[in-house]
Amino acid sequence: MGQKKAVQISCLDCQSKNKSLFGVLCSHELSMVSDAKSCTNYKKGQVLFHEGTRPLGVFCINTGKVKVYRVGADGKEQIMKITKEGDVLGYKAMISEEHYPVTAETLEDCTICFVPKNDFLSLLTENPGFNKKLLQTVCQELGIMSEKLTNLAQKSVRERLAITLLMLKETYGMEGGENESVEINLTREDLANIVGTATETLIRLLHDFKEENLISTKGRKINVENSKGLVKAAGVM
């Protein structure tokens, strides 16, 4: 594992702030957050926080992707979500004064900022707009999670894989234009953990999707070639 490296990024100049909770802050408030936070370059595979530890602040992703997961009774990872630029991690556990229910680990080299607990909580107290934005985000995440769990529970493994690829295409495609080819860069084990199946089953289904010209692969990278076909395979039409 490589060492973490501190970097300097101003919140006022941050290209990801408008995608994050901090996008509602005024220049003065952004300057205050910028003075309070620290920024770090993480190598792929480094952990931001471990399940069961106590939150000391929140993490805001400047660049890169992070997987958020739990470890099941069988010792396997259950990946809850893949986060992207602008996403803020750890605030729900911090506000509820509970330990982290999940672990967050970088999927690629990332630049991530850390805002200490007291500075984040003072924003909530002093800025009604920020408070409202946070509540909206929590409600939206809970709604998406509930819908996802309900839908996926009723789907076959093939349908769950199709849905997962469509969601990951959206996550990995956020930085590019609508017509750009989007590469999903995950290990087969991580992808199997998101879908909730054995790695061998996942590899067989990916082969089927390739045969049907729904996707193409290059090494571990997956390109979605036919979104409409995947929607049909997902059984959501």
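Check the entry above for the structure.
Here's what I pulled together on the structure shown here. In this text, all values refer to a predicted model and were calculated from it rather than measured experimentally.

Criteria and thresholds
Residues numbered from 1 in each chain as written. Predicted model: local features only at pLDDT ≥ 70, side-chain atom pairs only at ≥ 80, totals over all residues. Heavy atoms only, no water. Phe/Tyr/Trp six-rings, centres within 6.5 Å; stacked < 30°, edge-to-face > 60°. Helix = DSSP H or I, 4+ residues; strand = E, 2+ residues; numbered from the N terminus. Pairing = 2+ DSSP bridges. Contact = heavy atoms within 4.5 Å. Axes fitted to C-alpha atoms, helices over the stretch in contact; angles between N-to-C directions. Buried < 20%, exposed > 50% of the residue type's maximum accessible area, 1.4 Å probe, protein only. Parallel < 35°, antiparallel > 145°, perpendicular 65-115°, else oblique. Left-handed = near helix turned anticlockwise from the far one by under 90°. Nonpolar A, V, L, I, M, F, W, Y, C, P; charged D, E, K, R; others polar.

What follows covers the packing of aromatic side chains. All chains considered together, the criterion is met by 6 aromatic pairs. Measuring from centroid to centroid gives 5.8 Å for F22 and F130, while their planes differ by 20 degrees, and the two rings are stacked. Of this pair, F22 sits in the loop between β1 (5-7) and α1 (27-36) while F130 is found in helix α4 (residues 128-153), placing the two residues 108 residues apart along the sequence. Each member of the aromatic cluster is reached from another via a ring pair, and the members are F49, F59, Y100 and F114.

For the rest of this paragraph, the subject is the sheet that holds strand β2 (residues 38-42). Within a beta sheet, neighbouring strands are joined by backbone hydrogen bonds and run either parallel or antiparallel to one another. Here we have 5 strands laid out as an open sheet, ordered β1-β2-β9-β4-β7, and antiparallel in their pairing. In this open sheet, the two strands that pair with only one neighbour each are β1 and β7 (88-89). Here 5 bridges tie β2 to strand β9 (residues 110-116), and the two strands are oriented antiparallel to one another. Bridging from a neighbouring strand, N41 pairs with T111 of β9. Packed onto the sheet, helix α3 (residues 117-126) meets β4 (57-63) and β9 and runs at close to 70 degrees relative to β9.

On to the sheet that holds strand β5 (residues 66-71). In space, the 4 strands of this open sheet follow the order β3-β8-β5-β6, with antiparallel pairing throughout. In this open sheet, the two strands that pair with only one neighbour each are β3 (47-49) and β6 (77-83). Here the average twist between neighbouring strands, direction ignored, is 30 degrees. Pairing analysis gives 6 bridges linking β5 to β6, with the strands arranged antiparallel. Considered in β6, the bridge of V71 is made with E77. Along the sheet, helix α6 (residues 188-195) makes contact with β5 and β6, crossing β6 at roughly 95 degrees.

So, on to unusual backbone geometry. Phi is positive for E97, close to 55 degrees, though the residue is something other than glycine. When you line up the elements, E97 lands in the loop between α2 (91-95) and β8 (103-106). Take E97: its relative accessible area is 58%, and that puts it in the exposed class. Unusually for a residue other than glycine, N213 sits at a positive phi of about 60 degrees. As for its position among the elements, N213 is in the loop between α7 (199-211) and β11 (215-218). Owing to a relative accessible area of 57%, N213 belongs among the exposed residues under this scheme.

Quick look at the packing of helix α5 (residues 157-172) against helix α8 (residues 227-234) now. Packing of α5 against α8 leaves a shortest axis separation of 7 Å and a crossing angle of 140 degrees. Here α5 is positioned oblique relative to α8, judged by the angle of their axes. In this structure, α5 meets α8 at a crossing whose hand is left-handed. Of the residues in α8, those touching α5 at R158, E159, A162, I163, L165, L166 and K169 are S227, L230, V231, A233 and A234. Across the contact of α5 with α8, the residue classes break down as 8 nonpolar, 1 polar and 3 charged.

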